Amino acid sequence: MNGPDEVGARADGPADPAAPTAVTTTATAVGERPALAWRRVHPVTPAVKGWKVVVVLLAIGAQQASQNLRDAQDVYESVGILPVVGVLLAGALIGFGYAAIAWRMTRYAIDAESVYLKTGVLYRQQRTARLDRVQAIDVTQPVLARLLGLAELKLEVAGGADSAVRLSFLKESDAQALRNELLARAAGVVLGTDDGSEGARPVVEAAPEREVLAVTPGRLVGSLIRSIATVFALLGLIAIVVVIAVTREFGAVIALFPVALGAAGYVWQRFAGEFGFRAAQSPDGVRLRHGLLESRAQTVPPGRVQAVRLSQALLWRRKDWWRVQINVAGYGLEDQMKETVLLPVGDRDEALLALWLVLPDLGSEDPRAVLDAALSGDGDEQGFVTSPRRARWLDPWSWRRNGYTLTDRALLARSGRFVRQLVVVPHERTQSLGIVQGPLQRRLGLASFALHSTPGPVVPAVQHLDADRAGELMAEQARRARTARASAGPEQWMVELRRVEEQSPVAAPLPSETSPPSDTVPPAPLYGGPTPPPPPPAAPSAPPFVPPTPPPPS
């Protein structure tokens, strides 16, 4: 500790040995709030984290041995097996011992405003995550943690690439209950306080949900077979076989093997990470579940999605399949591949349904026609502004398709002839704007418009516009963004929704905990279609377009 704290375990601690251990502080250190009930993570955590040292030692040994097999064999024959086993055991003891000390030093606490986490053995660190700045709350289970019934709770907050607060590891039921509590607090629900005693923590039931999207394993495999990475992997394998058959030497394989191995690894990562993908609607946000070896349960609160991209590879065009990715503030670069996918693969109706989940109101009188033109059209239909004819010298294939249109709620930018892309950015999520003009563009009177977003897979831009048109777009988008931000809803959306419900007796009530969830996948999002179901909670400034009412579950 860095201050004069008096820390001790409570004598009347929880009866369940697997429950988090609570400790209380009776004095206040520098930068520490009083009356915080500090708890420890699950005591089996060192067993989950300590084995990583053994894996690192094995990886180093395998790498060194693979570089020179003869020297490795000589060393093994000279020293025998016992020293090798001894080194592994010593590494395991060091790894598990350090993990045990780190567990002893790791504690967390929760109050009405923030989550606090203390970590560190040699260097102590206290991190604070404000609940009103939470971008997403995820529950992840690596393979070993899943076998032991544990889970990691990760809070993504608005900040840098390393702004996530991780509580690892908790009992799976405790992690789910804590996630429910944090989502409720982040939404503005007033709950009781936790004084560290058994049963004092508020019990919040999971909000009801309706599953709206699901990707079958067959479709996922089919999409990966039709991906460019699979094509490169197959071409690499064919090239390896041909080289071996022609030269009858295995040395030439070394240059081609990394390419095939990298493509195969990418395909496996996509399959394992997106296996069993499901998306559901709930009052606390969009719930995403996926993962084969490492299961993930994400909850993205409403209004935290900064940009959306719908993309279609060339080999997907016959099936009219689309992939939907999002930018969420707070996710680091290492999480972009796993945690920014809103739909791995789906037909056009499912892709538009995924878009509807995060942007219920497109701000257009005929949103379906605008989206169809954005996904597969070219030219100036539905109000799209495209590149002028002289842009064909810089982009001969896509100059007629590159373009944008503005609605009352968002900017839509389309691009790509062979790989079609549509980027949708709500006006209030605009971070900054820019115009880029290279020497050839300057010669042709062209410029590219860039709309800066948070780090992620989506990079909003409109290429090769007329220079004057790009300047007009920048001024117009700045005006729309300023107006949208002025009328944007609060961060704690449940507070505003309760206020609107109390003031308007005809407003649709919020979903209650007794509302039966539906497991039926609703039909396609016919924006503005007849007989819509009750809308999910959203900011009052965004009246939703909703899909038709799904049939009741059998």
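Structure shown above.
Described in the following lines is the structure provided in the data block. (Residues numbered from 1 in each chain as written. Predicted model: local features only at pLDDT ≥ 70, side-chain atom pairs only at ≥ 80, totals over all residues. Heavy atoms only, no water.)

## Regarding the pairing of strand β13 (residues 295-300)
Looking along a regular strand, one sees side chains alternate from face to face of the sheet. Rule in force here: Three labels apply to residues, based on accessible area from a 1.4 Å probe with only protein chains included: buried if under 20% of the type maximum, exposed if over 50%, partly exposed otherwise in between. Here a strand is any run of E in DSSP of at least two residues, a helix any run of H or I of at least four, and the numbering for each starts at the N terminus. The pairing criterion for strands is at least two bridges between them, as found by DSSP.
Of all 6 residues in β13, 6 are buried; the element is thus mostly enclosed. Relative to β13, strand β7 (residues 134-141) is paired through 5 bridges, and the arrangement is antiparallel. Looking across to β13, one finds that D138 is bridged to Q298. As defined by bridge partners, strand β12 (residues 285-290) adjoins β13 across 5 bridges and the pair is classed as antiparallel. Bridge pairing in β13 places L288 opposite Q298. What sits between β12 and β13 in their antiparallel hairpin is a turn of 4 residues, with G291 showing a positive phi close to 125°.

## Thoughts on helix α3 (residues 81-105)
The following threshold applies: Residue count minus one, scaled by 1.5 Å, sets the expected span of a helix.
In a regular helix each residue adds 1.5 Å, so 25 residues correspond to 36 Å; α3 covers 37 Å between its end C-alpha atoms and thus fits that length. Among the residues of α3, G91, A92, G95, A99 and W103 are the ones counted as buried.

## Examining the packing of helix α10 (residues 348-358) against helix α11 (residues 367-376)
The line we're drawing: Lines are fitted to the C-alpha atoms to define the axes, a helix being fitted only along its stretch in contact, and any angle between axes, read from their N-to-C directions, falls within 0 to 180 degrees. The cut-offs work like this: below 35 degrees is roughly parallel, past 145 is roughly antiparallel, 65 to 115 is roughly perpendicular, and the gaps in between are oblique. In this scheme the handedness of a crossing depends on how the near helix is turned from the far one: anticlockwise by less than a right angle means left-handed, clockwise means right-handed. Two residues form a contact once any of their heavy atoms are found within 4.5 Å.
The N-to-C vectors of α10 and α11 enclose an angle of 115°; their axes lie 12 Å apart at closest approach. When the interaxial angle is binned, α10 and α11 end up roughly perpendicular. Every pair of crossing elements has a handedness; the one defined by α10 and α11 is right-handed. Of α11, the residues touching α10 (which contributes R348, D349, L352 and L355) are R368, L371, D372, L375 and S376.

## As for the packing of aromatic side chains
Quick reminder of the rule: Within 6.5 Å between ring centres, the rings of Phe, Tyr and Trp (the latter by its six-membered ring) count as paired, and their orientation is classed by plane angle as stacked under 30 degrees, edge-to-face over 60, tilted in between. Distance and angle both matter: a charge sits over a ring if NZ of Lys or CZ of Arg is within 6 Å of the ring centre and within 35 degrees of the ring normal.
Counting across every chain of the model gives 5 aromatic pairs. Every member of this aromatic cluster is reached through a ring pair, and the members are W268, F271 and F275. Over the ring of F384 we find R414; its NZ or CZ atom is 4.2 Å from the centre of that ring.

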